[in-house]
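# Observations on the model geometry
Residue strings, one per chain:
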Amino acid sequence: LLKDPVFWRSVDCLTSGPLNIYPFVLPALFGFKIEYASVRLIGIALVVLSLFLLYVSLRYLYGRPLARLACLPIVVYQSTLFYRDFKFFSSEYVSVVLLSGALLLLVKYYCQGTKSSNVQLFFFGFVLGLTPYAKFQSIPIAFSLFCIGVHVLWTKSVTKDFFLKRVLLVICGGVFFSILMAVYLSIFSLWDVFWSSYIRQNIFY
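Scoring rules and cut-offs
- Within each chain, residue numbers correspond to sequence positions counted from 1 in written order.
- Since the coordinates come from a predicted model, pLDDT governs what is reported: local features require at least 70, and pairs of side-chain atoms require 80 or more to be given and counted, while whole-chain, interface and lining totals use all residues.
- Processing note: side-chain calculations cover all non-hydrogen atoms of the structure and skip hydrogens and water entirely.
- Helix and strand definitions here come from DSSP, where helices need a minimum of 4 consecutive H or I residues and strands a minimum of 2 consecutive E residues; each element is numbered from the N-terminal end.
- Accessibility here uses a 1.4 Å probe with only protein chains present; expressed as a share of the type maximum, an area under 20% marks a residue as buried, one over 50% as exposed, and anything in between as partly exposed.
- In this description, contact between two residues means that some pair of their heavy atoms is separated by no more than 4.5 Å.
- Residue burial considers only the protein chains on display, and all accessible areas are found by Shrake-Rupley using a 1.4 Å probe.
- Note that His is not counted, nor are the chain ends; the positive residues are Lys and Arg, and the negative ones are Asp and Glu.
- All charge positions are set by atom: Lys at NZ, Arg at CZ, Asp at CG, Glu at CD.
- A helix's residues, less one, multiplied by 1.5 Å, set its expected span.
- Like-charged residues are merged into a patch within 9 Å and nonpolar side chains (Val, Leu, Ile, Met, Phe, Trp, Tyr) within 5 Å, provided each residue has over 30% relative accessible area and no salt bridge.
- Here, a salt bridge means any Lys or Arg side-chain nitrogen found within 4 Å of an Asp or Glu carboxyl oxygen.
- Pairing of aromatic rings covers Phe, Tyr and Trp, the last counted by its six-membered ring, and requires centre-to-centre distances within 6.5 Å; plane angles under 30 degrees mean stacked, over 60 mean edge-to-face, and any other angle means tilted.
- Distance and angle both matter: a charge sits over a ring if NZ of Lys or CZ of Arg is within 6 Å of the ring centre and within 35 degrees of the ring normal.

## Describing the overall build of the protein chain
- Tallying secondary structure elements over the protein chain gives nine helices and zero strands in all.
- Counting from the amino terminus, the protein chain carries its helices and strands in the arrangement α-α-α-α-α-α-α-α-α.
- Its C-alpha atoms give the protein chain principal-axis dimensions of about 50 × 45 × 35 Å.
- Split into buried and exposed, the 205 residues of the protein chain put 41% on the buried side.
- In the protein chain, the share of contacts with a sequence separation of at least 24, taken over all contacts with a separation of at least 6, comes to 68%.
- Of the roughly 12100 Å² of accessible surface on the protein chain, 71% is carried by carbon and sulfur atoms.
- Averaging the positions of the 17 positive and the 7 negative side-chain charges in the protein chain gives two centres separated by 15 Å.

Given below as structure tokens:
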């Protein structure tokens with residue numbers, strides 16, 4: 001990717017999407033080598049970020065003391081982890097961060113209700129729409145969050161039109177990145193490669 005940044009033309013990672021792989025080049029942009037240590041630091045940063053997003057979500061719902069208590073087992077587990085199969089950069093880290101971010105946006109809307117901005121709902125859908133381009137296995141969880149989001153929108157809506165407009169806003173956010181990806185694939189003529197190396201491989205997997 002450092003020599004040719006066009007994903008699926010220079011890189012084929014089968015079941016891992018571009019959002020899983022592009023973080024690997026970040027150390028090189030800051031003058032560091034791409035090696036185990038630098039990739040491990042990226043993995044730790046993603047774990048910390050997902051934990052922080054989870055903490056903020058729980059803080060909105062239950063307050064600081066319970067949020068800290070709920071996150072404590074995860075912190076202890078990650079801090080005392082030695083088993084090598086859990087220390088490498090997992091291909092699920094990016095998906096967990098995206099889902100944690102979507103959860104936070106959903107929880108904020110649940111707590112704020114009609115006071116929430118349309119931008120917040122758009123980004124809720126947008127983050128959910130990013131998940132297929134990290135790891136396909138995260139799609140069922142993303143769909144579950146979408147269904148919960150629709151339910152929350154229904155309970156917080158004052159009229160049917162208000163509900164439909166906000167659901168449409170979430171859907172627009174969800175398909176926005178896919179539209180950009182379709183343009184990207186068309187510009188670089190990568191539709192065949194995308195279908196054979198990513199969609200089919202994930203279906204077979």
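Read on, since the account is not over.
## Considerations on helix α6 (residues 118-130)
- For α6, which comprises 13 residues, the first-to-last C-alpha distance of 19 Å matches the rise-based estimate of 18 Å (1.5 Å per residue) to within 8%.
- Residues of α6 that are buried: Gln 120, Leu 121, Phe 124, Gly 125, Phe 126, Val 127, Leu 128, Gly 129 and Leu 130.
- Its buried side turned inward, α6 meets α1 (18-21), α5 (93-112), α7 (139-156) and α8 (160-187).

## Observations concerning a nonpolar patch on the surface
- On the surface, Tyr 60, Leu 61, Tyr 62, Leu 66, Leu 69, Leu 72, Val 75, Val 76 and Tyr 110 cluster together to form a nonpolar patch covering roughly 850 Å² of accessible area.
- Breaking the nonpolar patch down by element, the ones donating at least two residues are α3 (36-62) and α4 (64-79).
- Considering every element that reaches the nonpolar patch, the biggest residue donor is α4, with five residues.
- Its location among the elements puts Leu 72 in helix α4.
- Residue classification places Leu 72 among the partly exposed residues on the basis of a relative accessible area of 47%.

## Looking at the packing of aromatic side chains
- Across all of its chains, the model carries 16 aromatic pairs by this definition.
- Centroid distance Phe 7 to Trp 8: 4.9 Å. Interplanar angle 85 degrees. Geometry classified as edge-to-face. With respect to burial, Phe 7 and Trp 8 carry one shared label: buried.
- Taking the centre distance of 5.0 Å and the plane angle of 80 degrees together, the rings of Trp 8 and Phe 194 count as edge-to-face. Here the residue Trp 8 occupies a position in the segment before α1, and Phe 194 occupies one in helix α9 (residues 191-204), the gap between them amounting to 186 residues. The two residues Trp 8 and Phe 194 agree in class, both being buried.
- Ring pairs connect the aromatic residues Phe 7, Trp 8, Tyr 22, Phe 136, Trp 191, Phe 194 and Tyr 198, which therefore count as one cluster.
- Here the basic side chain of Lys 156 rests over the ring of Tyr 110, its NZ or CZ set 4.8 Å away from the ring centre.

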